[in-house]
Amino acid sequence: MKRYLLIISFLLFLPISSHAATLYLEPESADYYQGESFILTARVLTKGECINTIEAHLKFPTDFLEIKDISQGNSIISLWLQEPRFSNKDGTADFLGGIPGGYCGQIPGDPGESNLLAKIIFGVKTEALVYPPVSLGIEFSKVSQVLLNDGLGTPAEIISRGARIMVLSGQPAMPRQEWLQELEKDKIPPEPFEIKINQEPSTFEGKYFLTFNTSDKQTGVDHYEVKEGKGEWLKAASPYLLKNQNLKNKILVRAFDKAGNERITEIIPSEKSKPFYQWIIIAILAMIIIIWLRKKLKARKKNENEIISDI
Amino acid sequence: MTGKIVFKVFILALVIFAGLVLYFDNVSAQSASVTATVRVNLCVNQNEIIEGDEQCDGSNLDSQTCQSLGYNGGTLSCNNNCSFNTSACTVTAPVVAGPGGGGYTPPSSTVILEGTAYPEATLTILKDGQIFVAGKKADSLGKFTERIFGISSGVYTFGFRAKDKEWRESVVFNVTVTVPEGVTVMVSGILIPPTIELGKLSLKKGDILDIFGESSPQSELEISITDASSTETIKRSLAEKDGVWLFSFDTSVLSEGFYQVKARAKTSDGLESPFSKIVSFAIGKALLPGEGPEEEIPEEEIPEKAGILGDFNGDNRINLTDFSILLHWWDRYSAAADINKDGFVDLVDFSIMMYYWTG
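Just so you know, these numbers come straight off a predicted model, no measurement behind them.

Focus: the overall build of chain A
In step 1: Scanning chain A from N- to C-terminus turns up two helices and 20 strands.
In step 2: Radius of gyration (C-alpha) of chain A: 30 Å, far over the 19 Å computed for a compact globule of 311 residues.
In step 3: Judged by the C-alpha coordinates and their principal axes, chain A covers about 125 × 55 × 50 Å.
In step 4: Taken over 311 residues, chain A has a buried fraction of 41%.
In step 5: Restricting the contact set of chain A to residue pairs at least 6 apart, pairs at least 24 apart contribute 74%.

Here you go:
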């Protein structure tokens with residue numbers, strides 16, 4: 001019998017108050033040839049301070065580099081205010097999200113780094129001639145923000161550390177495709193999730209809308225699709241305003257990860273608890289039926305008495 | 001006779017009307033069914049015999065190959081924990097899992113969470129911000145253990161929220177940890193922050209302020225009282241065997257103004273909790289009844305109201321529904337979703353919501 005057991009204890013975990021968070025990229029430096037793709041991970045160090053919101057903006061040179069995708073897989077961010085987005089024209093990448101209850105840093109004994117924000121997948125362009133090798137910097141923009149988990153949204157002091165990529169001349173016979181390898185390994189669908197139908201006076205003019213959220217621990221959630229009754233699958237995001245407001249049909253939501261694995265959850269609108277006025281209507285109906293039955297009984301008794309007296 | 005007919009028609013119309021009202025008004029959405037399946041994998045005995053939930057054992061691969069598991073080729077082997085080792089399997093195209101997460105099931109892991117709250121506390125455990133376990137009871141010493149089987153590998157944030165005997169709730173205490181494939185990860189030494197309450201929210205200088213709550217039995221409480229200029233006064237108290245703690249604070253040392261109070265616990269075995277929820281009080285004429293209206297501080301400005309911040313739909317929970325309302329109003333003005341009342345729904349409102357999150 002052999003089973004690995006990792007024990008992580010908080011005995012050594014004493015928070016140090018510094019009000020500073022470090023945003024950094026990993027690897028700090030690397031060499032790639034033209035035609036290769038690589039993964040740069042954006043991470044955070046909190047030095048024991050608890051944070052709950054991260055707004056990160058990255059800048060990169062567009063002459064030789066392009067972003068192919070941004071993955072949320074294995075991110076500590078569980079609620080995304082804005083899906084990660086990028087512009088290969090402007091050389092920017094942005095992501096914005098938070099951790100409900102906060103993130104207080106890595107704990108001693110943790111078998112992983114557990115501080116990943118996002119994976120940015122870069123490709124080295126093949127169009128331009130590279131000679132001699134060029135060194136390119138990828139940096140966090142100064143407008144990036146990290147907010148403390150203090151109930152007030154206090155900004156943390158940010159220290160940022162970018163990455164330096166050396167682009168080498170020529171194209172290898174077998175170019176490295178780090179992201180493709182991750183996609184090929186990913187056989188696991190996104191995490192199980194729940195969907196909920198809501199109705200709030202302040203949102204969508206009081207109409208019914210869906211809420212859903214999940215994560216994917218490998219390549220990250222790519223997109224969601226919603227199907228109402230026999231309708232088509234439609235690309236969607238939460239909150240999703242329902243097209244069919246009478247809630248008569250089964251609703252399905254499916255989450256796809258970047259590798260194409262999917263997780264489906266369904267919700268069947270069911271009878272809700274009856275409001276007070278419905279109980280009044282039911283009570284009136286019951287009373288009418290009772291009165292009618294009593295009248296009928298009385299009439300029958302009267303008839304029987306009349307028949308007996310006639311006899 | 002006509003009266004009888006009119007009465008019968010009236011009754012009939014009433015019945016039809018009521019029937020129609022009931023028919024059109026009784027649909028709503030309440031039940032969700034998750035169609036996911038996760039397999040628990042426990043290695044019972046490494047003896048070439050597949051037992052329990054073992055996928056394989058030594059060289060016994062249960063007649064499985066890389067191809068039968070959905071790969072295109074390569075060599076399948078068995079891990080020491082009796083799970084398939086697919087690292088030598090090859091794939092040429094992504095495999096799409098069927099509805100409900102079917103397809104290949106990877107070796108799953110187990111997480112054991114051990115910690116201390118308050119005696120007989122009721123715990124809620126969150127996984128990545130969503131409620132995962134609700135209503136779990138701590139024992140008479142405040143200890144609790146939760147085992148999560150069949151979890152896939154990855155980075156998880158487990159959150160803990162405790163409700164004490166007086167229904168006071170703690171803030172969420174999060175632990176973020178990496179769970180490797182096919183192993184058991186035990187996280188121990190979790191100390192839930194204490195609950196905290198104040199005897200009064202507004203008082204005269206020199207009044208005695210009772211600060212109290214529940215904590216780990218016989219833990220030492222460090223109570224922090226901070227004024228508007230961030231000057232901090234530290235006081236200490238000790239929790240009883242039943243976890244109840246109380247500190248009577250003489251406010252004669254304070255000047256008029258608002259104060260914030262929070263507390264954290266330290267145990268004799270060296271554990272230290274994060275700080276509790278922040279509660280606030282005010283000292284001075286400003287909040288005393290019968291004083292001039294020009295000095296009255298609007299009630300919404302009293303920070304104590306912060307206990308329900310972010311609960312936009314009034315269900316006493318701050319969860320995905322409230323997050324959706326915030327997203328709906330993002331970067332716009334909404335009286336309903338602008339938590340800090342600065343005229344916009346922005347990052348600060350989101351951060352406050354994250355702090356008060358209940359799942």
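Resuming the write-up.
A look at the overall build of chain B
In step 1: Assigned secondary structure in chain B consists of three helices and 20 strands.
In step 2: For chain B, the residues scored as buried account for 40% of the 359 residues in total.
In step 3: Long-range pairs, those at least 24 residues apart, make up 56% of the contacts in chain B between residues at least 6 apart in sequence.

Re the domain arrangement of chain A
Residues and elements named next belong to chain A.
In step 1: By the assigned domains, chain A splits into domain 1 (17-184) and domain 2 (195-267).
In step 2: Computed over C-alpha atoms, the centres of domain 1 and domain 2 are 29 Å apart.
In step 3: With nine residues of domain 1 at the contact, the number on the domain 2 side is ten residues.
In step 4: If you list the elements that add at least two residues to the side of domain 1 that touches domain 2, you get β6 (65-71) and α1 (178-185).
In step 5: The class makeup of the residues in the side of domain 1 that touches domain 2 is two nonpolar, five polar and two charged.

Topic: the packing of helix α2 (residues 320-328) of chain B against helix α3 (residues 347-356) of chain B
All names here are of chain B.
In step 1: Two numbers describe how α2 lies on α3: the axes approach to 11 Å, and their chain directions differ by 180°. Taken together, the axis directions place α2 and α3 in an arrangement best described as roughly antiparallel. On the side of α2, the interface is formed by Asp322, Phe323 and Leu326, while α3 contributes Asp349, Phe350 and Met353.
In step 2: For the contact of α2 with α3, the class distribution of residues is four nonpolar, no polar and two charged.

With respect to the environment of B:Gly115
In step 1: Position of B:Gly115 among the secondary structure elements: in strand β6 (residues 109-116).
In step 2: With sequence-adjacent residues up to four places away left out, B:Gly115 is seen in contact with B:Phe144, B:Phe160, B:Gly189, B:Ile190, B:Leu191 and B:Ile192.

Quick word on the sheet that holds β6(A)
All names here are of chain A.
In step 1: Overall, mixed pairing links the five strands, which are arranged β6-β9-β4-β2-β12 in an open sheet. Strand pairing shows two members of the sheet lacking a second neighbour, β6 and β12 (157-161), which therefore form its edges. Each strand axis lies, on average, 20° off the axis of its neighbour in the sheet, ignoring direction.
In step 2: Sheet topology places strand β2 (residues 20-26) next to strand β4 (residues 37-45); five bridges connect them, and they run antiparallel. Bridge pairing links Glu26 to Thr41 in β4.
In step 3: α1 rests against β4, β6 and β9 (116-124) of the sheet, and its axis sits at about 80° to β4.

Concerning α3(B)
In step 1: With ten of ten residues buried, α3(B) lies mostly within the body of the structure.
In step 2: For α3(B), the set of buried residues is B:Leu347, B:Val348, B:Asp349, B:Phe350, B:Ser351, B:Ile352, B:Met353, B:Met354, B:Tyr355 and B:Tyr356.
In step 3: Buried residues belonging to α3(B) abut β5 (51-59), β7 (79-87), β8 (92-103) and β11 (145-148) of chain A together with α2 of chain B.

With respect to unusual backbone geometry
In step 1: In this structure, the amide linkage connecting A:Glu26 to the following residue, A:Pro27, adopts the cis form with an omega of 5°.
In step 2: The omega angle of the peptide bond from A:Ser238 to A:Pro239 is 0°, so this bond is cis rather than trans.
In step 3: Within the secondary structure, A:Pro239 sits in the loop between β17 (234-236) and β18 (240-241).
In step 4: If you check the backbone angles, A:Glu205 has positive phi at about 50° while not being a glycine.
In step 5: Structurally, the position occupied by A:Glu205 is in the loop between β14 (195-199) and β15 (208-212).
In step 6: The phi dihedral of B:Glu120 falls on the positive side, at around 60°, and the residue is not glycine.

Some points on the nonpolar core
In step 1: A:Ile51, A:Leu117, A:Ile120, B:Ala117, B:Leu326 and B:Met353 are the most contacted members of the largest nonpolar core, which totals 116 residues.
In step 2: For this core, the leading source of residues is α3(B), giving eight residues.
In step 3: Discounting residues that sit within four places of it in the chain, A:Ile51 has contacts with A:Ala21, A:Thr46, A:Gly102, A:Tyr103, A:Val146, A:Leu147, A:Leu148, A:Asn149 and A:Ala156.
In step 4: Counting 15 residues, the second-largest nonpolar core is a separate cluster that includes A:Phe193, A:Tyr240, A:Leu242 and A:Ala255.

As for the sheet that holds strand β15 (residues 208-214) of chain B
In step 1: Strand order in this open sheet of three strands is β13-β15-β18 (chain B), and the pairing throughout is antiparallel. This sheet does not close on itself; its edge strands, each paired only once, are β13 (197-198) and β18 (244-250) of chain B.

What about the pairing of β6(B)?
All names here are of chain B.
In step 1: The element β6 is extensively covered by neighbouring structure, given that six of its eight residues are classed as buried.
In step 2: As defined by bridge partners, β6 adjoins strand β9 (residues 143-151) across seven bridges and the pair is classed as antiparallel. Directly across from Val111, in β9, lies its bridge partner Ile148.
In step 3: As judged from the six bridges shared by β6 and strand β12 (residues 184-191), these two strands associate in the parallel manner. Bridge pairing in β12 places Thr116 opposite Leu191.

Considering the pairing of β15(A)
All names here are of chain A.
In step 1: When you tally the buried positions in β15, you get five out of five residues, the bulk of the element.
In step 2: Burial along β15 is two-sided: the face carrying Tyr208, Leu210 and Phe212 and the face carrying Phe209 and Thr211 are both buried.
In step 3: The sheet contact formed by β15 and β18 spans two bridges and is antiparallel. From the neighbouring strand, Phe209 faces β18, where its bridge partner is Leu241.

How each quantity is defined
Residues numbered from 1 in each chain as written. Chains lettered and ligands numbered in written order. Predicted model: local features only at pLDDT ≥ 70, side-chain atom pairs only at ≥ 80, totals over all residues. Helix = DSSP H or I, 4+ residues; strand = E, 2+ residues; numbered from the N terminus. Rg over C-alpha atoms; globule rule 2.2 N^0.38 Å. Buried ≥ 20, exposed ≤ 12 C-beta atoms within 10 Å, placed from the backbone. Contact = placed C-beta atoms within 7 Å. Domains from an automatic or database assignment. Nonpolar A, V, L, I, M, F, W, Y, C, P; charged D, E, K, R; others polar. Axes fitted to C-alpha atoms, helices over the stretch in contact; angles between N-to-C directions. Parallel < 35°, antiparallel > 145°, perpendicular 65-115°, else oblique. Pairing = 2+ DSSP bridges. Core = buried A, V, L, I, M, F, W, Y, C linked by C-beta atoms within 7 Å.

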